[in-house]
Amino acid sequence: MEEENNDDGQNLPIDFTPKLGIEFDYEQEAYDFYNEYGRNSRFSIRKEWYNKRKIDGVVTSRKFACCNEGFQVPCDKDGGKKYERAETRT
C-alpha cells in the first residue's frame, strides 16, 4: 500500500477504498485510484462508458468496471447455442 506524508512528516497509508461522492480533478487520477483498488482486491479494471458536457466536451462521469464484467460464459447445456453472437467489445 502506498503512503503519503502528513504535516508532521509521518508516513500515512493511502486509503484506496471507494466511497460515495469521491471526486477527481483528472480522469487519469480516477483511473489510477480504481486500478490500485482493484490491484489490492486482486482484480483488474477497464474503462467502460463516459458522459461529456455538450457545451465544452468535458468528461463529467466515467464508469470503471471489473475486467470480467459483462462477458458471456460458454454454455454447454443442450449441445450449445443455436447461433453465436459476435463479440461487441473492443
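Right above here is the structure, for reference.
About the cut-offs
Residues numbered from 1 in each chain as written. Predicted model: local features only at pLDDT ≥ 70, side-chain atom pairs only at ≥ 80, totals over all residues. Heavy atoms only, no water. Helix = DSSP H or I, 4+ residues; strand = E, 2+ residues; numbered from the N terminus. Buried < 20%, exposed > 50% of the residue type's maximum accessible area, 1.4 Å probe, protein only. Areas by Shrake-Rupley, 256 points an atom, 1.4 Å probe, with all protein chains shown as cover. Patch = residues over 30% accessible without salt bridge, like charges linked within 9 Å, V, L, I, M, F, W, Y side chains within 5 Å. Salt bridge = Lys/Arg side-chain N within 4 Å of Asp/Glu carboxyl O. Lys, Arg positive; Asp, Glu negative; His and termini not counted. Charge placed at Lys NZ, Arg CZ, Asp CG, Glu CD. Expected span 1.5 Å × (residues − 1). Contact = heavy atoms within 4.5 Å. Polar contact = N/O pair within 3.5 Å; in protein donor to acceptor, adjacent residues only side chain to side chain.

Peer 1: Looking at this structure, I do not really get the overall build of the chain. What am I missing?
Peer 2: In terms of helices and strands, the chain carries 1 helix and 4 strands. In sequence order, the secondary structure elements of the chain are arranged as β-β-α-β-β. In the chain, buried positions account for 11% of the 90 residues. Counting only carbon and sulfur atoms, one obtains 47% of the accessible surface of the chain, whose full area is about 8100 Å².

Peer 1: Honestly, a negative patch on the surface in this entry has me stumped. Any pointers?
Peer 2: A cluster of like negative charges, contributed by Glu23, Asp25, Glu29 and Asp32, occupies part of the molecular surface. Among the structural elements, Glu23 can be located in the loop between strand E2 (11–13) and helix H1 (27–40).

Peer 1: What am I meant to see in H1 here?
Peer 2: Its 14 residues place the ends of H1 20 Å apart at the C-alpha level, agreeing with the 20 Å of an ideal helix rising 1.5 Å per residue. Regarding H1, the residues found buried are Ala30, Phe33, Asn35, Glu36 and Gly38. Residues of H1 that are buried make contact with strand E3 (45–52) and strand E4 (59–66).

Peer 1: In this structure, what is going on with the environment of Tyr31? I would like to understand it.
Peer 2: Here Tyr31 shows up in helix H1. Under the relative-accessibility criterion, Tyr31 is labelled partly exposed at 22%. Between the alpha carbons of Tyr31 and Phe64 there is a distance of 7.7 Å; along the sequence they are 33 residues apart. Among residues more than four places away in sequence, those in contact with Tyr31 are Ile45, Lys47 and Phe64.

Peer 1: Looking at this structure, I do not really get the side chain of Arg46. What am I missing?
Peer 2: One can find Arg46 in strand E3. A polar contact of 3.3 Å, which involves the side chain of Arg46, links it to the side chain of Glu48.

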